[in-house]
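# Tertiary structure, described
Next come the chains, spelled out residue by residue.
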Amino acid sequence: MPVPKEKVESQRKAYALALVELGRERNDIVVLNADLASSTKTLEFSNEFPERHFNFGIAEQNMMSTAAGLAAAGKTVFVSTFAVFGTGRVYDQIRQSIAYPKLNVKIVVTHAGITVGGDGATHQITEDIALMMVLPNMKVIVPADAVETSKAIKAAADYGGPVYVRLGRAEVPSITSEKDQFEIGKATLLRNGKDVTLIGTGIMVSVCLDAAEVLKKKGIDARVINMSTIKPIDEDILEKAARETGAIVTAEEHNVEMGMGTAISMVIAEKKHVPMKRVGIPDVFGESGSSDELMKKYGLTVEDIVKAAHNVLKRKDKLSRLQRVSKKLIKHERKKGNKKDTKRSKSQKRKSSKKR
Amino acid sequence: MPVPKEKVESQRKAYALALVELGRERNDIVVLNADLASSTKTLEFSNEFPERHFNFGIAEQNMMSTAAGLAAAGKTVFVSTFAVFGTGRVYDQIRQSIAYPKLNVKIVVTHAGITVGGDGATHQITEDIALMMVLPNMKVIVPADAVETSKAIKAAADYGGPVYVRLGRAEVPSITSEKDQFEIGKATLLRNGKDVTLIGTGIMVSVCLDAAEVLKKKGIDARVINMSTIKPIDEDILEKAARETGAIVTAEEHNVEMGMGTAISMVIAEKKHVPMKRVGIPDVFGESGSSDELMKKYGLTVEDIVKAAHNVLKRKDKLSRLQRVSKKLIKHERKKGNKKDTKRSKSQKRKSSKKR
Amino acid sequence: MAVYDEELIESLTQKAKIIRQYVVKMIYNAGSGHPGGSLSSVDILTALYFHKFLDKECKKDNKEPIMNHDPKNPGWEDRDRFILSKGHSAPTLYGVLAEAGYFEKKVLLAFLKDKNDEMYERIKEEKAFGIDLLMYLRRLGFPLQGHPDMNKTPGIEASTGSEGQGLAIGCGQAMAAKLDRKLYHIFVMIGDGEMDCGQIWETAMSASHFKLDNLIAILDRNKLQLDGPTEQIMSLEPIPDKWQAFGWHVIEIDGHNFKEILTALDTAKEVKGKPTLIVAHTVKGKGVSFMEGAVGFHGKAPDEEQFKQAMKELEGDAGA
Amino acid sequence: MAVYDEELIESLTQKAKIIRQYVVKMIYNAGSGHPGGSLSSVDILTALYFHKFLDKECKKDNKEPIMNHDPKNPGWEDRDRFILSKGHSAPTLYGVLAEAGYFEKKVLLAFLKDKNDEMYERIKEEKAFGIDLLMYLRRLGFPLQGHPDMNKTPGIEASTGSEGQGLAIGCGQAMAAKLDRKLYHIFVMIGDGEMDCGQIWETAMSASHFKLDNLIAILDRNKLQLDGPTEQIMSLEPIPDKWQAFGWHVIEIDGHNFKEILTALDTAKEVKGKPTLIVAHTVKGKGVSFMEGAVGFHGKAPDEEQFKQAMKELEGDAGA
Ligand SMILES: Cc1ncc(C[n+]2csc(CCOP(=O)(O)OP(=O)(O)O)c2C)c(N)n1
Ligand SMILES: Cc1ncc(C[n+]2csc(CCOP(=O)(O)OP(=O)(O)O)c2C)c(N)n1
Ligand SMILES: [Mg+2]
Ligand SMILES: [Mg+2]
């Protein structure tokens, strides 16, 4: 059963509002769009500041490199289009014109992921996080709701380099509150818990919260983290979660083979290995359908997260049993003394070098 | 000390030869280039089959979508340019025109990675493997030397869908032999060993072989695997390596945060977790310099691999000690009977549900 | 040469009316889609697909069809090809294909076999085929995607939706025809907003460089793109000068006048040594009064009331 | 208006000779690089950077420089900007910047400070600065990258190397100037092969749409691209028609004639309401007999013998 959510709000509208507020405060804010000003809502900025909003038509590449030029001349540039056209269509322009020279450009895209719905596979990018993550110098932010979107946009404006902000098409439940702090690179704890950690990003954060409720009914105490910055990833919160809950589930509306879950896996593998399961979209193209249908078909439901939680909990259980006993024995062995141990390894070495 | 390598050969030349041979055997082979026919060597095909070679000038996007049209009309299309312009510059065209409709296009790029050397960061793409891996329907091949390049090209031609083949600029030591089998999706064992597995791709395979020699001198028996297909990755050989050697080092001339090593990590984490270390280029842009200098500065030397091997071996040692003792204790516990265990877990559950 | 007489024009006019009705029904039913650019392109697609659409039918009359195609055999090697580069106008293409018979059960099953079980099962279970299929636009598990998918729908020659790529795909097919010494033509419809894309100009350059006189582009010059009038968003004029400077033969027509459409297509097929662009002046939303020239209906489905009004206008005396 | 007399022309001719020598030395020393397109662009860059290059120097003479810039203060806000969109010709730009004084130790250190320790250390240790720095082209740890890097080298206005993007970057700077009501101009050099890139046409379209009369593009029309003659690889003509159809003012000149270069630049600065393209007809490899018009020297360094021969030809009576 889902958490009662007070309201459902549009990230795009929050983006539009934040942009307008920034525009009022700062003269250096310039906004670019590529024939999607009405859909991405930068139109609102354009209504108030027509001279600082430029529409490039369907010429995303030109828009990206132009953004670089504006930034080189001192502007703080926001560039918007759909996620699929703001990443893959312009990867080289972002790479060469923006990321390499570390210019002050914010790429804020909407309509990311399969929840685009009816438009189908050509518009449902599930690779954009990977594309932006692998770019040196890029920050990657995926806000969970409208309130956080607004904060992310302002934080992006305050940071002096390239930032990618991923927004969705649909309205999303409001789960963060005005008073929550937002800092690029810092994840937030939405719910404490000790049995397992559910880490969501974007629209999947609210699904994680719902999953935590379901788990609670089964006596499982799930922690929920909102990983709103994917790059750089918040290693501290991850390490703490691994240490304290010993099991991790990640959830993202993205190709599960290479996204936030992968980035988290890398940290977990290095810092403190615990059982982990990634929930996300399989490595296939999407298709037309309603958001809800698609989330179900492609494995992004509360049930998918709950199932993953059970999976990691089982592995955690096995592991912790192992660890408990092994700790005992290590103590035991230590008592027997290190001497014997050293001898053994030496003789082993000799043996193996003989072989060759 | 490096393995004595009989000869150093150009992957590009091998590509050119294979293309010409294919052109002689098959009428459906068509080759496209974007003002880099001389550098990528498709010029040789063009010399023999001028009517089946098309140069698009510096218009990579057009070239990619045109390739899709040729493939839709029954051709087997090879498209070549530098790696940076054959991936990021045309990601959307590959995605929408080629990968989504699964068309029969082979993207064979040269000048991948930092060994491009003097041209500097703009030409040294270290993200292309990630870009192509995250694309559904794409196969990703990185041949280790000239001989394997030739086989990979032929295998790509025989497979009826999109393939990405990554080649380097520099000449590389020949380490595979004519009689080795090549199959898309199958890695090959170049050297058996039981202490640790070194998995390389592309030019790093020969560096792994050299590292194995160094390790041998220290009494460490390293297995070496040539992971020439990165997608789909050969899970069987990985599982076997994990099981039999218990420690893995990966090495690639690519952003280490998201490449072959990451793909392998994902498999290892799911199948059989063992200590692992990824060697690769850090998440930064490259710079001008000689190949050798750059490989040293960016961590792609024999020494880097040897160091990583020592790191995983240390962790393996610790882990195996743990496992040895825990096995003993598990047996011990089992003897004590399962009854008690069941009781305990039940009471635990009750306790934890009370808490909430 | 294609031949037309008043009778043919009248029959095409009736067909176009039916297609417009399909388009509006489909989009209303789906609850999303792009009516504006779908309606502006109806007459052109109708002319392409229904001017004597079977080779044999024409041979009998000693006439040549504008486009050789066979709905019973979508994979026919020698067929002419049509690519909808502005993929968001898919409803028009679907309407035309359905009306021509591409979605008959046998054709669909043959096309989908072993490719996509879910769809195959649905169609086998008589869930939807033929004209009925149109009512399953954008529905999960059905072949009619929001943008054309060549692997899910028979008669679709290229998967499009990301603007700017379809013309290049057509260029590739035209090159293949030349390589194979085949005589088929490639017709590609592009949008005027789509002309902003650099890739269009890359293809414009290469198609004339490669002398692809079997490539015919048709520009749906409806003067609007997503955010507004093209000349306000990103000015395109003088369009003929641009394409001529890129080496193309250019013809300008009224894109809602069948005589002009047929004549232009016919002329284009005769042009030698260079590709042809037909600049078809059209009205976005054509046929539905409140959608005509309305930016708001670029990508929005009509609500119930609008739907009823639209159907009333479109049924008129055609009464399909 | 810029002013020139025989004396100025003579001094520019001498400068160009020196720059050509730098270019050949740099590339020979590095063992790789692009001599052809570097040499074809020398005269244009020389004219831009050395026609009275200090605002104050000009004011004194009551003359206006073509390009306002100050090597001691590369970050001067009101400077005119030059962008080398065809970034592979970096050696020419480096040569001009070095000769103008951008690489003096103080300027370099100020520019690099806290940005890149390795380079900073090298320069502090007197490893290389000024003209000497040129001999460290493409060397690990030194600022002169194979393609221009705006964060490593003072005087570089945009990081380029991936063809087709520099013109758009210039477009952005021109838009910023307009927003800030600044009078500076943006000069962008593009290659003829680079004109194949769709992005160039996207920018061509938007620059005229946005009426960027402070944007001046200079086409290094050397008739060759990497694989061969442009008209064989991907034909570009008629170039003026193309740009005019895209709304640009077009001027054609001999790119090795200083009078024509200066006059064209001057005229371009006066054009109102639209951007200007100067089609500068040049010879690839200009100045070195065996490199002139030779495709083989697009991206290849001379060997020792070729180097000696080239220097002999270039030193001639300039004797630098
Ligand atoms: C590369 C790309 N950018 C943006 C879009 C989003 N988009 C869909 S339709 C459209 C406007 C198209 O205008 P036009 O080509 O004139 O089509 P028409 O007026 O015929 O509907 C845009 C911007 C897209 N599909 N592809
Ligand atoms: C997008 C892109 N594709 C390919 C290249 C490789 N490349 C470098 S220079 C060059 C030829 C450039 O020709 P042109 O613009 O005429 O330069 P010039 O003749 O002045 O040297 C090519 C294809 C590149 N740098 N960027
Ligand atoms: Mg339009
Ligand atoms: Mg040239």
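Residues numbered from 1 in each chain as written. Chains lettered and ligands numbered in written order. Predicted model: local features only at pLDDT ≥ 70, side-chain atom pairs only at ≥ 80, totals over all residues. Heavy atoms only, no water.

## Observations concerning the overall build of chain C
In terms of helices and strands, chain C carries 13 helices and five strands. Here the C-alpha atoms of chain C give a radius of gyration of 18 Å, agreeing with the 20 Å that 2.2 N^0.38 yields for 320 residues. By its C-alpha atoms, chain C is 50 × 45 × 40 Å across when sized along the principal axes. By the burial criterion, 66% of the 320 residues in chain C qualify as buried. (Helix = DSSP H or I, 4+ residues; strand = E, 2+ residues; numbered from the N terminus. Rg over C-alpha atoms; globule rule 2.2 N^0.38 Å. Buried < 20%, exposed > 50% of the residue type's maximum accessible area, 1.4 Å probe, protein only.)

## Points about the confidence of the model for chain C
Overall, the prediction assigns chain C a mean pLDDT of 94, with 94% of residues at 70 or greater. Taken together, the chains of this predicted complex give a pTM of 0.95 and an interface ipTM of 0.96. (pLDDT = per-residue confidence, 0-100.)

## Quick word on the relation of the copies chain B and chain A
Of the two same-sequence chains, chain B is brought onto chain A (RMSD 0.1 Å, axial shift 0.0 Å) by a rotation of 180°. Both chain copies can therefore be described as sitting about a two-fold axis. For chain B, the smallest separation between a C-alpha atom and the rotation axis is recorded for serine 326 of chain B, amounting to 2.3 Å. (Least-squares fit on C-alpha atoms with pLDDT ≥ 70 in both.)

## Quick notes on a positive patch on the surface
Residues and elements named next belong to chain A. A cluster of basic residues, Arg243, Lys272, Lys327, Lys331 and Lys335, forms a positive patch at the surface. Among the elements that take part in the positive patch, helix 13 (residues 302–336) stands out by supplying three residues, more than any other. Its place among the elements puts arginine 243 in helix 10 (residues 235–245). (Patch = residues over 30% accessible without salt bridge, like charges linked within 9 Å, V, L, I, M, F, W, Y side chains within 5 Å. Areas by Shrake-Rupley, 256 points an atom, 1.4 Å probe, with all protein chains shown as cover. Salt bridge = Lys/Arg side-chain N within 4 Å of Asp/Glu carboxyl O. Lys, Arg positive; Asp, Glu negative; His and termini not counted. Charge placed at Lys NZ, Arg CZ, Asp CG, Glu CD.)

## Some thoughts on the pattern of salt bridges
Applying the stated criterion across every chain, the model contains 77 salt bridges over all chains. Across the pair arginine 166 of chain A and aspartate 128 of chain A runs a salt bridge whose closest N-O atoms are separated by 2.8 Å. With arginine 166 of chain A in strand 7 (residues 163–166) and aspartate 128 of chain A in helix 7 (residues 128–133), this pair connects stretches of sequence that are 38 residues apart. Each member of the pair, arginine 166 of chain A together with aspartate 128 of chain A, is buried. In this structure, lysine 308 of chain C engages glutamate 304 of chain C in a salt bridge whose closest nitrogen and oxygen atoms are separated by 3.0 Å. On the criterion of helical spacing, the pair formed by lysine 308 of chain C and glutamate 304 of chain C is a turn pair, its members being four residues apart in helix 13 (residues 304–315). Through salt bridges with shared partners, one network takes in Glu287 and Lys297 of chain A together with Glu118 and Arg122 of chain C.

## Here we look at the relation of the copies chain C and chain D
Least-squares fitting of chain C to chain D yields an RMSD of 0.0 Å, with the transformation described by 0.0 Å of translation along the axis and a rotation of 180°. When the interface residues of chain C are mapped onto chain D, 100% of them are again interface residues, pointing to one common binding face. (Contact = heavy atoms within 4.5 Å.)

## Some points on the sheet that holds strand 3 (residues 53–55) of chain A
All names here are of chain A. Sheet architecture is open: seven strands sit in the order 3-2-4-5-7-6-12, paired in mixed fashion. The outermost strands of the open sheet, each flanked by one partner alone, are strand 3 and strand 12 (229–231). Across the sheet, the mean angle from the axis of one strand to that of its neighbour is 20°, orientation sign disregarded. Inspection of the sheet shows strand 2 (residues 29–33) paired to strand 3 by three bridges, in the parallel sense. Following the sheet pairing, leucine 32 is matched in strand 3 by phenylalanine 54. Where helix 1 (residues 11–25) meets the sheet, it contacts strand 2, strand 4 (76–82) and strand 5 (105–110), and its direction lies at approximately 160° from that of strand 4. (Pairing = 2+ DSSP bridges. Axes fitted to C-alpha atoms, helices over the stretch in contact; angles between N-to-C directions.)

## Quick notes on the coordination of the magnesium ion (ligand 3)
For a metal bound by four donors in a tetrahedral arrangement, the ideal donor-metal-donor angle is 109.5 degrees, while six donors in an octahedral arrangement ideally sit at 90 or 180 degrees. All names here are of chain C. Within the protein, Asp192 (OD), Asn222 (OD1) and Leu224 (O) serve as the donor atoms for the magnesium ion (ligand 3), at 2.0 to 2.1 Å. Read in sequence order, the donor residues coordinating the magnesium ion (ligand 3) give the pattern D-x29-N-x1-L. Here the residue aspartate 192 occupies a position in the loop between strand 2 (186–191) and helix 9 (198–209), and asparagine 222 occupies one in the loop between strand 3 (215–221) and helix 10 (230–233), the gap between them amounting to 30 residues. (Donors = N, O, S within 2.8 Å, 3.2 Å for Na, K, Ca; no water.)

## Comments concerning the side chain of threonine 153 of chain C
Along the chain, the position of threonine 153 of chain C falls in the loop between helix 7 (117–124) and helix 8 (166–179). Setting aside its immediate chain neighbours within four residues, threonine 153 of chain C contacts Tyr94, Phe103, Phe111, Pro143 and Leu144 of chain C.

## Considering the interface of chain B and chain A
At the junction of the two partners, chain B supplies 63 residues and chain A supplies 63 residues. Summing both sides of the interface, chain B and chain A together bury roughly 5,400 Å²; the carbon and sulfur share of this comes to 59%. Joining chain B to chain A, the criterion identifies eight salt bridges. Between glutamate 127 of chain B and arginine 95 of chain A there is a salt bridge, and its shortest N-O distance comes to 2.7 Å. Summed over the shared surface of chain B and chain A, the result is 18 residue pairs in polar contact (both at pLDDT 80 or more). Here the element with the most residues in the side of chain B that touches chain A is helix 13 (residues 302–336) of chain B; it accounts for 10 residues. Its residues assigned to classes, the side of chain B that touches chain A shows 23 nonpolar, 17 polar and 23 charged. (Buried area = accessible area lost by both parts, 1.4 Å probe. Polar contact = N/O pair within 3.5 Å; in protein donor to acceptor, adjacent residues only side chain to side chain. Nonpolar A, V, L, I, M, F, W, Y, C, P; charged D, E, K, R; others polar.)

## So, the domain arrangement of chain A
Residues and elements named next belong to chain A. Split into domains, chain A comes out as domain 1 (8–173) and domain 2 (188–315). Computed from C-alpha atoms alone, the centre-to-centre distance between domain 1 and domain 2 is 25 Å. Domain 1 puts 31 residues into the contact, and the matching count from domain 2 is 31 residues. For the pair domain 1 and domain 2, the two sides together bury roughly 2,200 Å², of which 58% comes from carbon and sulfur. Considering only the side of domain 1, the residues that lose the most area to domain 2 are Ile114, Thr126 and Met133, jointly responsible for 26% of the buried surface there. Connecting domain 1 to domain 2 are zero salt bridges. Where domain 1 touches domain 2, the interface holds 21 residue pairs in polar contact (both at pLDDT 80 or more). For the side of domain 1 that touches domain 2, the leading source of residues is helix 7, giving four residues. Grouping the amino acids of the side of domain 1 that touches domain 2 by side-chain chemistry returns 17 nonpolar, seven polar and seven charged. (Domains from an automatic or database assignment.)

## Section: the site of ligand 2
Taken together, 23 residues lie near ligand 2, and Glu60 of chain B together with Lys86, His88, Asp192 and Lys284 of chain D sit nearest. Lysine 86 of chain D has a polar side-chain atom sitting 2.6 Å from an oxygen atom of ligand 2. Between glycine 161 of chain D and ligand 2, the recorded distance is 2.9 Å, taken from a backbone N or O atom to a nitrogen atom. (Near = heavy atom within 4 Å.)

## A short note on the interface of chain C and chain D
In this assembly, 22 residues from chain C lie in contact with 22 residues from chain D. The contact between chain C and chain D buries some 1,600 Å² in all, and 71% of this surface belongs to carbon and sulfur atoms. The largest contributions to the chain C side of the interface with chain D come from Met205, His209 and Ala245 of chain C, which together make up 37% of the buried area. The interface formed by chain C and chain D contains 10 residue pairs in polar contact (both at pLDDT 80 or more). Secondary structure elements with two or more residues in the side of chain C that touches chain D: helix 9, helix 10 and helix 11 (239–245) of chain C. Top element by residues in the side of chain C that touches chain D is helix 9 of chain C. It accounts for six residues.

## Some words on the site of ligand 1
Taken together, 23 residues lie near ligand 1, and Glu60 of chain A together with Lys86, His88, Asp192 and Lys284 of chain C sit nearest. Chains contributing residues to the immediate surroundings of ligand 1 are chains A and C. Separating a nitrogen atom of ligand 1 from a backbone N or O atom of glutamate 163 of chain C is a distance of 3.0 Å. Tallied by class, residues from the shell around ligand 1 come to four nonpolar, 10 polar and nine charged.

## Some details on the sheet that holds strand 9 (residues 188–191) of chain B
Adjacent strands of a sheet pair through backbone hydrogen bonds, lying either parallel or antiparallel. All names here are of chain B. Strand order in the open sheet made by the five strands is 9-11-10-13-14, with mixed pairing throughout. The two strands at the open ends of the sheet, each matched to only one other strand, are strand 9 and strand 14 (276–281). Neighbouring strand axes in the sheet, compared pairwise and without regard to direction, differ in orientation by 25° on average.

## As for helix 5 (residues 90–100) of chain C
Working note: α-helix, 3.6 residues per turn, so residues spaced by three or four point in the same direction. All names here are of chain C. In terms of burial, helix 5 is largely enclosed, as 10 of its 11 residues are buried. Among the residues making up helix 5, those that are buried are Ala90, Pro91, Thr92, Leu93, Tyr94, Gly95, Val96, Leu97, Ala98 and Ala100. Looking at the packing, one finds that the buried side of helix 5 touches helix 1 (6–30), helix 2 (35–40), helix 3 (42–50) and strand 1 (81–84). Two residues or fewer past helix 5, glycine 101 is found with a positive phi of approximately 105°.

## Observations regarding the side chain of asparagine 104 of chain A
All names here are of chain A. Inspection of the secondary structure puts asparagine 104 in the loop between helix 6 (91–99) and strand 5. Overall, asparagine 104 belongs to the buried group, its relative accessible area being 16%. Side chain to side chain, asparagine 104 and lysine 106 meet in a polar contact 2.5 Å long. Apart from residues no more than four positions distant in its own chain, asparagine 104 is found in contact with Ala71, Lys75, Thr76, Val77, Tyr159, Gly160 and Gly161.

## So, the coordination of the magnesium ion (ligand 4)
Residues and elements named next belong to chain D. Within the protein, the magnesium ion (ligand 4) binds to Asp192 (OD), Asn222 (OD1) and Leu224 (O); these donor distances fall in the range 2.0 to 2.1 Å. Between consecutive donor residues of the magnesium ion (ligand 4), the sequence gaps follow D-x29-N-x1-L. One end of the pair, aspartate 192, is in the loop between strand 2 (186–191) and helix 9 (198–209); the other, leucine 224, is in the loop between strand 3 (215–221) and helix 10 (230–233), and 32 residues separate them in sequence. Residue aspartate 192 shares its accessibility class with leucine 224, and that shared class is buried.

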